[in-house]
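If you want the building blocks of each chain, they are given just below.
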Amino acid sequence: MTLRPARAKLNLALHVVGQRADGYHLLDSLVCFVEVADYLEISPAEEVTLTVSGPFAQGVPTDQRNLVLKAAGLFPRIKGQGAAIHLVKNLPHGAGIGGGSADAAATLQGLADLWGCDLPPRDAIIALGADVPVCLETAPVYMRGIGDEITAAPTLPPLWAVLVNPNLPLATPSVFAALTTKTNPALSAWHDDFWTWIAAQRNDLQDPAIALCPEIGAVLTELRRTKDMRLARMSGSGSTCFALYDSAVAAEKAAADLAANKPHWWVKTGAVLR
């Protein structure tokens, strides 16, 4: 059996810079990954099967609606070549941190290793979802286009993140539909003062998401009150928000305080992968 993490994705900045004629939005985003994850246990078997457990297992389909099985279906297989996949679902649904896309990416990598083959074609992978290609990465990257243009980002300073979700899912299409301006400025040119640079960037979906789910605004307010917080922002299309810290001690203290004061929220902390 192999164990694969499907790590939470954070959009440290997400600028919506256009929209194609087919409706797909064009993005310019700095993406990183955190040591908070779903996990996939993958074992050899005669057929491909999926089971699910974990705190967010309820409501997760185990049939072809699940991106894990859709990802597995991209591989050509011979008779008797299968895999028993068990998904431990730790990340909330509709949360803007990868979720199902991260699960699909981990499935692709795990099955390629198990079966000793290459990953499926890039076009097939992006057809699973715009976030799946970026979730194949581990180090910080720029994600542009509709999610299909992935390039390396400069090395980030050591960062620790606190992730908070108000346990209210948010549908990505609804957030994009609420965005009134679809052609916003791209990320500004990188410079060595990371904190000054990142503070000048945005998540263009944050205000539309707050309009649909005001609790996101409350989450951001609480994160900004935590000691030694350097930046608080929403990730992706929400509803998860994050705050960044210079040390594990500061992040863990902030997470503990938030969890104690807001027990109905999902609160996790972890290092940002570099």
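The rules we used
- Residues numbered from 1 in each chain as written.
- Predicted model: local features only at pLDDT ≥ 70, side-chain atom pairs only at ≥ 80, totals over all residues.
- Heavy atoms only, no water.
- Helix = DSSP H or I, 4+ residues; strand = E, 2+ residues; numbered from the N terminus.
- Expected span 1.5 Å × (residues − 1).
- Buried < 20%, exposed > 50% of the residue type's maximum accessible area, 1.4 Å probe, protein only.
- Contact = heavy atoms within 4.5 Å.
- Salt bridge = Lys/Arg side-chain N within 4 Å of Asp/Glu carboxyl O.
- Pairing = 2+ DSSP bridges.
- Axes fitted to C-alpha atoms, helices over the stretch in contact; angles between N-to-C directions.
- Phe/Tyr/Trp six-rings, centres within 6.5 Å; stacked < 30°, edge-to-face > 60°.
- Right-handed = clockwise from strand over helix to strand, strands pointing away.

Asker: So, helix 2 (residues 100-115): which residues are in play, and what are the values?
Answerer: The periodicity of an α-helix, 3.6 residues per turn, causes residues three or four positions apart to be oriented the same way. With 16 residues, helix 2 extends 22 Å between its outermost C-alpha atoms, agreeing within 8% with the 22 Å of an ideal straight helix rising 1.5 Å per residue. Within helix 2, 12 of the 16 residues are buried, leaving the element largely enclosed by the surrounding structure. Of the residues making up helix 2, those classed as buried are Ser-101, Ala-102, Asp-103, Ala-104, Ala-105, Ala-106, Thr-107, Leu-108, Gly-110, Leu-111, Ala-112 and Trp-115. Lining the buried residues of helix 2 we find strand 1 (2-19), strand 2 (25-45), strand 3 (48-53), helix 1 (67-72), strand 4 (82-88) and helix 3 (122-128). Of the residues trailing helix 2, Gly-116 is marked for its positive phi of about 60°.

Asker: Describe the pattern of salt bridges, with residues and values.
Answerer: Inspection of the entire model under this criterion finds 11 salt bridges. Note that Arg-225 is salt-bridged to Glu-222, the shortest N-O span being 2.8 Å. The class for Glu-222 is buried, based on a relative accessible area of 19%. Shared partners join several salt bridges into a network, and the residues in it are Asp-38, Lys-89 and Asp-103.

Asker: Explain the side chain of Glu-222 residue by residue, including any values.
Answerer: Within the secondary structure, Glu-222 sits in helix 7 (residues 215-224). Apart from the residues lying within four places of it in its own chain, the contact partners of Glu-222 are Leu-258, Lys-262 and Trp-265.

Asker: Tell me what's going on with the sheet that holds strand 7 (residues 160-165), and back it up with residues and numbers.
Answerer: The strand order across the open sheet formed by 4 strands is 8-9-7-10, and the pairing between neighbours is antiparallel. Sheet topology places strand 8 (231-234) and strand 10 (266-271) at the edges, where each strand pairs with a single neighbour. Averaged over neighbouring strand pairs, the angle between their axes works out to 20° when direction is ignored. As judged from the 5 bridges shared by strand 7 and strand 9 (residues 241-245), these two strands associate in the antiparallel manner. Bridge pairing in strand 9 places Val-164 opposite Cys-241. Running over the sheet, helix 7 touches strand 7, strand 8 and strand 9 and is turned about 15° from strand 9.

Asker: Lay out the environment of Trp-160 in plain terms, naming residues and giving numbers.
Answerer: With respect to the helices and strands, the residue Trp-160 is situated in strand 7. Sequence separation of Trp-160 and Tyr-245 is 85 residues, and the distance between their C-alpha atoms is 5.2 Å.

Asker: Could you give an account of the pairing of strand 7, naming the residues involved and the relevant values?
Answerer: Judged by how many residues are buried, strand 7 sits mostly within the fold: 5 of 6 residues are covered. By the bridge criterion, 6 bridges tie strand 7 to strand 10 in an arrangement that is antiparallel. Following the sheet pairing, Val-162 is matched in strand 10 by Thr-269.

Asker: Break down the packing of aromatic side chains for me, with residues and values.
Answerer: This structure, assessed with the given rule, holds 4 aromatic pairs. Their ring planes at 40° and their centres at 6.0 Å tell us that Trp-190 and Phe-194 sit as a pair that is tilted. Look at Trp-190 and you get partly exposed, because its relative accessible area is 23%. Assessed through its relative accessible area of 4%, Phe-194 is described here as buried. A centroid spacing of 4.7 Å and a plane angle of 50° characterise the contact between Trp-190 and Trp-197, whose relative ring orientation is tilted.

Asker: Run through the pairing of strand 3, naming residues and quoting values.
Answerer: Where strand 3 and strand 4 come together, 6 bridges link them in parallel fashion. Counterpart to Leu-50 in the pairing with strand 4 is Ile-85. A crossover links strand 3 with its parallel partner strand 4, the connecting element being helix 1, and its sense is left-handed.

All we've got here are geometric facts, nothing functional implied.
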